[in-house]
Each structure stands twice: as C-alpha cells, then as structure tokens.
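Each chain, letter by letter, is given below.
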Amino acid sequence: MQNTTALTQQRSKPVTVWPLRTEADYEAALAEIGRLFNARPNTSEDERLEVLITLVEAYEDQHYPMGETSDPVSMIEHVMETQGLTRKDLEPYIGPRQRVWEIMEKRRHLTLPMIRRLETGLRIPAEVLIREYALVGRETGVGSKE
C-alpha cells in the first residue's frame, strides 16, 4: 500500500487534452506542441506534450498516412514541417550544417547516435529511422559502407 501512495504522490496534476476531430483541432494541437516543445522533463507540461504528440500522431496516421514505405529522411522532413523547424534546428541531433545537408540530401546514412538523438529530441520513432533507404548515386544494402 505504501508503494501506491508513493506513486500517487509522484504523479503531477491531471493533463487536459481534447480529441482531434477537425483540421482546426489538429492545428491547435500543433501550436500547443510548439509552445510546450522545450518543457522540462517530468513536469505536467512534459506529460501534456507527450499526450498531444500521441494524439497528433494518431490524427496524422488517419488523415495523412505515410505508409510503411516512407524513409527516415521523409519522416524527418515531415516532423520539420509539422513543428516549423529548419535544417539548422537539426544540428543538435545530426551534427554540423554540412552533415545535416548530407543526411537530408541522402548522401550519407543516419548513424546510431543520430538516430538516438532524433528519437529522444524530436520523438521520431526509431523503427522509422532505422529503415534502409537508397543514397543518391549509390546502391544500398545490408552491410554497405558509407
């Protein structure tokens, strides 16, 4: 019983959210995500951000399906568009400007550390980021070298 009490005391305030039924609801959720994007971890704002991201992902899956064929770069572009990010905003996750350009132009594959940072920082699922994709002017395959 003491463990339950400790867990209850650690929980933050209830998080208020709404169902996303219309494009206006979706746009409002994106705006709220933008406002909460740098919320401190383990706060009610961070919890609200997580719930809103889940709702937006569900709405996008239903209304803007990307399908299993979408590659990591397309997903990164999609996240950039929905969150109003630029390539400069990718530098903390991917590296210097030149490296971001190489990744976004499909001249170089994402590395495991990049995938981890993108998953944590931009909340892009790792299962999407690890998908194989062809580089510009190169064949791709398991074990191919960059």
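In what follows, the structure referred to is the one given above.
Rules used throughout
- Positions within a chain are numbered from 1, following the residues in the order the chain's sequence is written.
- In keeping with the model being predicted, local features are shown solely for residues with a pLDDT of at least 70 and side-chain atom pairs are shown and tallied solely at 80 or more, while totals for entire chains, interfaces and linings include all residues.
- Each side-chain value is worked out from all heavy atoms of the structure, with water and hydrogens disregarded.
- The rule for a salt bridge is simple: a side-chain nitrogen of Lys or Arg has to be within 4 Å of a carboxyl oxygen of Asp or Glu.
- Where helices and strands are cited, they refer to DSSP runs of H or I of at least four residues and of E of at least two residues respectively, numbered from the N terminus.
- The cut-offs for exposure are 20% and 50% of the maximum accessible area for each residue type, with area from a 1.4 Å probe on protein chains only; residues under the lower value are buried, those over the upper are exposed, and the others partly exposed.
- Two residues qualify as a contact provided that any one of their heavy atoms is within 4.5 Å of a heavy atom in the partner residue.
- By this rule, a helix spans an expected 1.5 Å times one less than how many residues it contains.
- Think of the arc as the fan of directions from the helix axis to the C-beta atoms.

Student: How would you explain the pattern of salt bridges if you had to name every residue and give the values?
Tutor: Counted by the stated rule, this structure contains nine salt bridges. The salt bridge involving Arg35 is made with Glu45; its shortest N-O contact spans 3.8 Å. Residue Arg35 is located in helix α2 (residues 23-36), and its partner Glu45 is located in helix α3 (residues 44-63); the two are separated by ten residues in the primary sequence. On the accessibility criterion, Glu45 (40% relative accessible area) is partly exposed. Across the pair Glu105 and Arg87 runs a salt bridge, and its minimum N-O distance is 2.8 Å. On the criterion of sequence distance, the pair formed by Glu105 in the loop between α6 (97-104) and α7 (112-122) and Arg87 in the loop between α4 (72-83) and α5 (91-94) is long-range, its members being 18 residues apart. By relative accessible area, Glu105 is classed as partly exposed at 31%. In this structure, a network of salt bridges that share partners links the residues Glu32, Arg35, Glu45 and Arg48.

Student: Residue-level account of the environment of Leu49, with values.
Tutor: Within the fold, Leu49 resides in helix α3. With 14 residues separating them along the chain, Leu49 and Arg35 place their C-alpha atoms 9.1 Å apart. With residues near it in sequence (within four places) discarded, Leu49 still touches Ile33, Leu36, Phe37 and Arg123.

Student: Could you give an account of α3, naming the residues involved and the relevant values?
Tutor: Spanning 20 residues, α3 covers 28 Å between terminal C-alpha atoms, matching the ideal 28 Å at 1.5 Å per step. All of the buried residues in α3 are Asp46, Arg48, Leu49, Leu52, Ile53, Val56, Tyr59 and Glu60. Down the axis, α3 shows its buried residues gathered within 150° of arc, on one side only. Exposed residues on α3 whose side chains face more than 90 degrees from its buried face are Asp61 and Gln62. Against α2 and α4 lie the buried residues of α3.

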